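Structural overview for review
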Amino acid sequence: MSDLLTKGPRACVTGHPIAHSRSPMIHNYWLKLLNIKGHYDRVDTPPDVFPEFIRTMATRGFVGCNVTLPNKELAYQLADVKTERADKLRAANTLWYEKGKLHADNTDIEGFLFNLDEKAPGWDQKLDKAVIIGAGGAAAAIVQGLCERRASKIVIVNRTIGKAEQLAQRFSASIETQSFDNISAALDQATFIVNTTSLGMKGQPPLDLDLSRVSHNALVTDIVYVPLITSFLNKAQNQGLSIVDGLGMLLHQAVPGFEHWFGQRPRVTAELREMIEADIMRANP
Ligand code: ATR
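Keep in mind the model is a prediction, meaning the values are calculated, not measured.

1. Here we look at the sheet that holds strand 3 (residues 62–67)
Taken together, the six strands give an open sheet; going across it, the order is 2-1-3-5-6-4, and neighbouring strands pair in mixed fashion. The sheet terminates laterally at strand 2 (39–44) and strand 4 (81–82), the two strands that pair on one side only. In this sheet, strand 5 (residues 94–98) lies alongside strand 3 in antiparallel orientation, the contact comprising three bridges. Residue pairing across strands places Asn-66 opposite Thr-94, the latter belonging to strand 5. Its contacts with the sheet place helix 2 (residues 23–33) against strand 1 (10–15), strand 2 and strand 3, and it is angled at close to 165° to strand 2. Packing of helix 12 (residues 255–262) onto the sheet brings it into contact with strand 1, strand 2, strand 3 and strand 5, and relative to strand 5 it is tilted by some 25°.

2. Comments concerning the packing of helix 2 against helix 12
Their axes nearest at 11 Å, the elements helix 2 and helix 12 cross at an angle of 50°. Classed by the angle they form, the pair helix 2 and helix 12 counts as oblique. Our pair here, helix 2 against helix 12, has a crossing hand that is right-handed. Contact with helix 2, carried on its side by His-27, Trp-30 and Leu-31, involves Val-255, Phe-258, Trp-261 and Phe-262 of helix 12 and no other residues of that element. Class assignment of the residues belonging to the contact of helix 2 with helix 12 gives a composition of six nonpolar, one polar and no charged.

Conventions we followed
Residues numbered from 1 in each chain as written. Predicted model: local features only at pLDDT ≥ 70, side-chain atom pairs only at ≥ 80, totals over all residues. Heavy atoms only, no water. Pairing = 2+ DSSP bridges. Helix = DSSP H or I, 4+ residues; strand = E, 2+ residues; numbered from the N terminus. Contact = heavy atoms within 4.5 Å. Axes fitted to C-alpha atoms, helices over the stretch in contact; angles between N-to-C directions. Parallel < 35°, antiparallel > 145°, perpendicular 65-115°, else oblique. Left-handed = near helix turned anticlockwise from the far one by under 90°. Nonpolar A, V, L, I, M, F, W, Y, C, P; charged D, E, K, R; others polar.

Okay, here's the thing in structure tokens:
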């Protein structure tokens, strides 16, 4: 009898490095909770072996995978069928098979949007001036999400201004760009601010911004979730601004993949969140 019948479908997260990924914890929690036979692993794939992994994924018994750094662009290129969102970002983090074809989606956009919908309902009614710090892959997903929610004005602030300009040009909406030197002008009257850089992550320097000129009802969020409350979010909170941490983005981006591979749409529950939070605390006492 094949593994698929005895052990159920098998999916994985693949990237390089991969040992730190909490995706197995999330998906295996849902499998157990929903009483579904199946498994979710971790597979280390430096970019030079990633194409071979994708070519042999099905024969190795995988029904699909999540893809993380540095392979998201390659994953997009190798897929047969791509969602509109994956096309927009030219990067994919979720792959699955349908009728023998490899499909690709980018669920970081959904992760970003649904996290805020859950934690700050109505947040998208306050997008008069949205400021995005950083211009990498995560920033691209967030620009797309903010365009979908019809932000009136988007400003991308990046250390390397050329990268901010390149990112802005990929979107039809008019998007402004600023270098870090002009960040105080960018933050003036901002109603929404998101950090998409690694600044503030454990082991990295903090993101230290002067938030005194932002709108008093601004929402501040971060994609960093280790630590859960970054010094940037802490400072915003101390100034009386609303904050949302980045963990929910990780949890919500996982939902569509699970549904494709295992056939049921899982929920991001308080229990799941507490379990991952506890793991973050254990790893970073
Ligand atoms: P991801 O795909 O996770 O977004 P990335 O593509 O490597 O990762 O993008 C990282 C972002 O963090 C970039 O905007 C980067 O700025 P540069 O384009 O100038 O490199 C930003 N970043 C990383 N370290 C930084 C630092 N020390 N100061 C300011 N910005 C930083």
